[in-house]
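# Report on the structure
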Amino acid sequence: MSVEQPASPIDLAQEETFVLDKIEVRPPTCELVVAGRSEKLEPRVMQVLVTLARRRGKVVSRDELIARCWGGRIVSEDALNRCISAVRRVAEAYGGFQVNTVTRVGYRLDTHGQAADAAELRAEPLLAVLAFDNLSGDPEMAYFSDGLSEEILHTVSRGARLKVVGRSSSFQFRGSDKAVARVVASLGATHVLDGSVRRSGATVRVSASLIECERATAVWSQTFDRHLADVFALQDEIAAAVAKALDVVFTPPDSAAQSIDPAAYDLFLKANQLGTGNVLDGAAYDQLIGFVEEATAIAPRFARAWGLLTHLRASKLRYGTGLVDYADQRARVIEAADTALRLDPGLGGVYHALATLEAFGRFSAREVLYNKALVAWPHDTGVLVAAAFFVSEVGRVRDALDLARRSLEVDPMNFATGFAFASYLDFDGRHVESKGLWDTLLREWPASDLAARGAIANAVQAADWDRFDRLAAEALPRLAQARLTRSWVRLGQALRNPQPAVFEQALGRARDQLANTGTVAIDRLASLCELGLLDEAFGLVERASFSYMFDPALPWASGPLSGGFIFSRGGAGRMMCDPRFVRLCARLGLCDYWVETSRWPDCADHVPYDFRGEARKVAAEGLVGRA
């Protein structure tokens, strides 16, 4: 009996040149040659093209592509989608072949003359679940209709593994805005699930209909009358009907068949709705945590409530205003997480919450948790954005872009997804592409300091000084409360009009921070390097302690949104190009992570020195954290 060998990774250097119609494909140099003209492909895109071309006319599974092109490493779904899209752009540009999606299996490269089986090829559906109308006669019951709609969205997304638009985007359509054409134009959905909820005491009537957008026709509709104790079964019935209509398999979670006390469900929905999209202080966290603790006391097998409790407790601990009794609070987070995963191992949000408990410098442990979250919830906006932030921290800006692009596809009207995608475009030096996104964010969220900061940073990195002047003037009234935005304004002013006195002020602020706290914020160090003060910046690195990176009870010195900035080709390009940069990375724990995992940052391939060799050398010196 033969044993199937694991798929071997594609080694481009060993691949021979081949031809696809008029295209000469040269894997060792990642080149395409057509009519004497050469075009370069990214190495990963070339690996995908080689894998598909080897098996032209046959289906290649997604698992095999990941094994051959990523060495089996867990990657975002969008990392593969991006490469497939790039290969398809080659086909569109030069002809000779096409790449077809085989639903729920993989991809097939067909050369011209090979007929694709239309029955097995189908576009992947994108479902928008709208906020069901509240017909209960009580405006205060809107939390219940919205909450039930979100639970149906979650159940469909998870049980059917469908790509579902995030609630931040789909729930913006209400009343007359629910017109299918408007939803399609804004979200690109192929199907819309809409309905209404009428609640009376402990009974509920839910009407739901699934609409196919291209022809604006209902493909399924039904009305359900249920007792609230059976609400989980109701959610499963609706999700299963949608899955059947879309010809996909629905697998409910193990915990779904249980009944639920209506009081517990009410408390859960109230806490979830109040905590969605709102900035919470300590008192607000305590109120919501109280609601969910009461829900779990009433219904101790309510897995989703335990998952929400994990998230709220972890968020309060990491981002709240106080760290009193840290060890006790951490133990309570882990207790809730263990209970949630025991009841339902597929709750991806729990792994996300646990990742926030880890010290920032425990990169390997955090990566394991984010990978588990992505496997469980591959289309969840919160998980995708958090995972993108993590991979930017370890220098994989292109992977961060993949994850952010995926989150933007499923939740295009969510501020966090737009902010993440625009930020990583800037990190990758693509300032022209990101400019329009920043303009959109500023227009849609004019009071957001984050949007102002990102747009100002974009103008500084692109040296677009007219735009910088306008944006800085608009942000001035808010700068007293926005340190990072203020820092970008000062950096822009200094770069535009270099003055020794201004440079000395910037250096003085960094020295004061070191004297007062024992460390220097990494975004401040990067700014000094951009001003040309490299010797001074790296001198501060040698004197500073970065122990906060390894103590989970301590906040990030630069704030929770600046982790990957040191890997930005725009804002920190000079810093990365100096070999002393590697010593800073070692102090942050990054070199140990890179050497142990061989998952190197993007900059390893474009800085003017042997980045990998330097990283291995300083990792052996044991520089982690200490001054």
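Below you will find a few notes about this structure.

What counts and how
Residue numbers restart at each chain and count upward from 1, following the sequence in its written direction. In view of the model being predicted, local features appear only for residues whose pLDDT reaches at least 70, and side-chain atom pairs are presented and counted only at 80 or more, with totals across whole chains, interfaces and linings using the full set of residues. Working from all heavy atoms in the structure, the side-chain values ignore hydrogens and water. Strand pairing follows a simple DSSP-based rule, namely that at least 2 bridges must link the two strands. Secondary structure elements follow DSSP: runs of H or I of four or more residues count as helices, runs of E of two or more count as strands, with numbering from the N terminus. Every angle, taken between N-to-C directions, lies between 0 and 180 degrees, and every axis is a line fitted to C-alpha atoms, over only the stretch in contact when it is a helix. By the definition adopted for this analysis, an angle is roughly parallel if under 35 degrees, roughly antiparallel if over 145, roughly perpendicular if from 65 to 115, and oblique otherwise. With the far helix as reference, a near helix turned anticlockwise by less than a right angle produces a left-handed crossing, and one turned clockwise produces a right-handed crossing. Note on definitions: a residue-residue contact is assigned when non-hydrogen atoms from the two residues lie within 4.5 Å. An expected span of 1.5 Å times one less than the residue number is assigned to each helix. Three labels apply to residues, based on accessible area from a 1.4 Å probe with only protein chains included: buried if under 20% of the type maximum, exposed if over 50%, partly exposed otherwise in between. Side-chain rings of Phe, Tyr and Trp (the six-membered ring for Trp) are treated as a pair once their centres are within 6.5 Å; stacked means planes under 30 degrees apart, edge-to-face means over 60, and tilted covers the remaining angles. Note on geometry: a ring has a charge over it if NZ (lysine) or CZ (arginine) is within 6 Å of the ring centre and within 35 degrees of the ring normal. Residue classes follow a fixed rule: Ala, Val, Leu, Ile, Met, Phe, Trp, Tyr, Cys and Pro count as nonpolar, while Asp, Glu, Lys and Arg count as charged, and any other residue, Gly among them, counts as polar. What counts as a salt bridge is simple: a side-chain nitrogen of Lys or Arg found within 4 Å of a carboxyl oxygen of Asp or Glu. Note on terminology: disulfide denotes any pair of cysteine sulfur atoms within 2.5 Å. In protein, a polar contact requires one atom able to donate a hydrogen and another able to accept it; more generally it is a pair of N or O atoms within 3.5 Å, and residues adjacent in sequence count only if both atoms are side-chain atoms.

### Topic: the sheet that holds strand 6 (residues 97-102)
- In spatial order, the strands read 5-7-6; together these three strands make up an open sheet with antiparallel pairing. Of all strands in the sheet, those bounded by a partner on one side alone are strand 5 (59-61) and strand 6. Put simply, the sheet's adjacent strands are angled 30° from each other on average, direction ignored.
- Two strands pair when backbone bridges link them, and strand 6 and strand 7 (residues 106-111) are joined in this way by six bridges, in the antiparallel orientation.

### Quick notes on the packing of helix 22 (residues 522-530) against helix 23 (residues 534-543)
- One way to put it is that helix 22 packs onto helix 23 with a least axis distance of 7 Å and a crossing angle of 155°. As summarised for this structure, helix 22 and helix 23 are arranged roughly antiparallel, according to the angle between their axes. Of the two possible hands of crossing, helix 22 and helix 23 adopt the one that is left-handed. Where helix 22 approaches helix 23, its residues Leu-525, Leu-528 and Cys-529 are matched on the opposing element by Leu-534, Ala-537, Phe-538, Leu-540 and Val-541.

### Notes on the sheet that holds strand 3 (residues 31-34)
- Taken together, the four strands give an open sheet; going across it, the order is 1-2-3-4, and neighbouring strands pair in antiparallel fashion. Each edge of the open sheet is held by one strand with a lone partner, namely strand 1 (18-20) and strand 4 (37-40). With direction set aside, neighbouring strand axes in the sheet form an average angle of 30°.
- Direction of pairing for strand 1 relative to strand 2 (residues 23-26): antiparallel, over a ladder of three bridges. Bridging across to strand 2, Phe-18 finds its partner in Val-25.

### Things to note about helix 10 (residues 303-319)
- Spanning 17 residues, helix 10 covers 24 Å between terminal C-alpha atoms, matching the ideal 24 Å at 1.5 Å per step.
- In terms of burial, helix 10 is largely enclosed, as 14 of its 17 residues are buried.

### A word on the pairing of strand 13 (residues 217-227)
- Alignment of strand 12 (residues 203-212) against strand 13, held across 10 bridges, turns out to be antiparallel. Within strand 13, the position partnered with Val-204 by the bridge is Arg-226.
- Hairpin connection from strand 12 to strand 13: four residues lie between these consecutive antiparallel strands, with Ala-216 at a positive phi of about 55°.

### Thoughts on the environment of Leu-531
- Locating Leu-531 in the fold gives a position in the loop between helix 22 and helix 23.
- Counting along the chain gives 37 residues from Leu-531 to Ala-494, while the straight-line C-alpha distance between them is 7.5 Å.
- With residues up to four places along the chain from it excluded, the contact list for Leu-531 reads Leu-491, Ala-494, Leu-495, Phe-503, Ala-506 and Arg-574.

### Quick notes on unusual backbone geometry
- In this model, Cys-30 sits at a positive phi of 55°, which is unusual for a non-glycine residue.
- Within the secondary structure layout, Cys-30 lies in the loop between strand 2 and strand 3.
- Positive phi is not limited to glycine here, since Ala-216 has a value of about 55°.
- Relative to the helices and strands, Ala-216 is located in the loop between strand 12 and strand 13.

### Structural notes on the packing of aromatic side chains
- Scanning the model with the defined rule gives 22 aromatic pairs in all.
- The interplanar angle of 75° and the centroid separation of 6.1 Å between the aromatic rings of Phe-567 and Trp-594 together place this pair among those described as edge-to-face. One end of the pair, Phe-567, is in the loop between helix 23 and helix 24 (573-576); the other, Trp-594, is in helix 26 (residues 590-597), with 27 residues separating them in the sequence. Each of the two residues, Phe-567 as well as Trp-594, counts as buried.
- Over the face of the ring belonging to Phe-144 we find Arg-199, whose NZ or CZ atom lies 4.7 Å from the ring centre.
- Seen from the ring of Phe-360, Arg-318 lies directly overhead, with NZ or CZ sitting 4.4 Å from the centre.

### Looking at the packing of helix 18 (residues 449-461) against helix 19 (residues 465-475)
- Where helix 18 meets helix 19, the axes come as close as 8 Å, and the angle between the chain directions of the two elements is 155°. In terms of orientation, helix 18 lies roughly antiparallel with respect to helix 19. Note on packing geometry: the crossing formed by helix 18 with helix 19 is left-handed. Note on element contacts: helix 19 touches helix 18 through Trp-465, Arg-467, Phe-468, Leu-471, Ala-472 and Ala-475, opposite Ala-452, Ala-455, Ile-456, Asn-458, Ala-459 and Val-460.
- Of the residues belonging to the contact of helix 18 with helix 19, the class tally is 10 nonpolar, one polar and one charged.

### Concerning the pairing of strand 4
- Two elements, strand 3 and strand 4, share four bridges in a ladder whose sense is antiparallel. The residue of strand 4 that forms the bridge with Val-33 is Ser-38.
- Between the antiparallel neighbours strand 3 and strand 4 lie two residues, among them Ala-35 with a positive phi of about 50°.

### What about the pattern of salt bridges?
- Taken as a whole, this structure holds 42 salt bridges when the rule is applied.
- Where Arg-430 meets Asp-428, a salt bridge forms, and the shortest distance between an N and an O atom there is 3.5 Å.
- A residue is classified by how much of its surface remains accessible, and Asp-428, at 9% relative accessible area, is buried.
- A salt bridge links Glu-542 to Arg-583; the nearest nitrogen and oxygen atoms lie 3.0 Å apart. Pair noted here: Glu-542 is in helix 23 and Arg-583 is in helix 25 (residues 581-587), with a separation of 41 residues, a long-range link.

### Examining the state of the cysteines
- One pass over the full model with this rule turns up zero disulfides.
- There is no disulfide at Cys-585, and the cysteine sulfur nearest it, in Cys-591, is 5.5 Å away.
- The class for Cys-585 is buried, based on a relative accessible area of 0%.

### A closer look at the environment of Pro-9
- Along the chain, Pro-9 falls in the segment before strand 1.
- Given a relative accessible area of 54%, Pro-9 falls into the exposed group.
- Separated by 59 residues in the primary sequence, Pro-9 and Arg-68 place their C-alpha atoms 3.9 Å from one another.
- If we skip the residues at most four places from it in the chain, Pro-9 touches Ala-67 and Arg-68.

### Comments concerning the side chain of Asn-458
- Turning to its location among the elements, Asn-458 is positioned in helix 18.
- According to the relative accessible area criterion, Asn-458 is buried, its value standing at 2%.
- Of note is the side chain of Asn-458, whose polar atom sits 2.9 Å from the side chain of Ser-434.
- Ignoring sequence-local partners within four residues, the contact set of Asn-458 consists of Asp-426, His-431, Ser-434, Lys-435, Trp-438 and Arg-467.

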